[in-house]
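For reference, the chains in residue letters:
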Amino acid sequence: MQNRLAFDSSEVIYHAQELLDAAANRYRITVQVANRAKRRRYEEFDSVDDPSMKPAIRAIIEMSDELTQPEIISDN
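Residues numbered from 1 in each chain as written. Predicted model: local features only at pLDDT ≥ 70, side-chain atom pairs only at ≥ 80, totals over all residues. Heavy atoms only, no water.

Considering the pattern of salt bridges
One pass over the structure, following the stated rule, counts three salt bridges. Of the charged contacts, one joins Arg-36 and Glu-66 as a salt bridge, the two residues approaching to 3.0 Å between their closest N and O atoms. One end of the pair, Arg-36, is in helix H2 (residues 26–43); the other, Glu-66, is in helix H3 (residues 55–68), and 30 residues separate them in sequence. Using a relative accessible area of 6% as the deciding quantity, one classes Arg-36 as buried. Where Glu-62 meets Arg-40, a salt bridge forms, and the shortest distance between an N and an O atom there is 3.3 Å. Here Glu-62 is found in helix H3, whereas its partner Arg-40 is found in helix H2, with 22 residues between them in sequence. (Salt bridge = Lys/Arg side-chain N within 4 Å of Asp/Glu carboxyl O. Helix = DSSP H or I, 4+ residues; strand = E, 2+ residues; numbered from the N terminus. Buried < 20%, exposed > 50% of the residue type's maximum accessible area, 1.4 Å probe, protein only.)

Quick look at the structure:
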C-alpha cells in the first residue's frame with residue numbers, strides 16, 4: 001500500500017516547534033495558524049495543488065519558513 005503522506009511528520013513537528021519557540025504567546029500563534037489554514041482552504045478550494053497535505057500543516061510549514069526566511073512576505 002502506498003503511503004498517503006507527501007511529507008515527513010517529524011519535519012512538521014520540527015516546524016511547529018520553531019513557531020512555538022519564536023512566539024511570545026502560544027495561543028496567539030495557534031490562532032494565526034488556524035486563520036491562515038482556513039483562509040488557504042477557501043482560497044484554493046478549486047485548486048488541487050497538494051490534496052494530501054492538510055491546510056493546517058501547510059500553514060505551519062509556511063509560517064515557519066517565514067521565520068527562517070525573512071525575504072518571504074509575512075502575514076501579520
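Topic: helix H1 (residues 9–22)
For H1, with 14 residues, the first-to-last C-alpha span of 20 Å sits near the 20 Å given by 1.5 Å per residue. Along H1, the residues classified as buried are Val-12, His-15, Glu-18 and Leu-19. Projected onto a plane normal to the axis of H1, the buried residues spread over an arc of 120° and lie on a single side. In H1, those exposed residues whose orientation departs by more than 90 degrees from the buried face are Ile-13, Tyr-14 and Asp-21. On its buried face, H1 sits against H2 and H3. (Expected span 1.5 Å × (residues − 1). Arc of directions from axis to C-beta. Contact = heavy atoms within 4.5 Å.)

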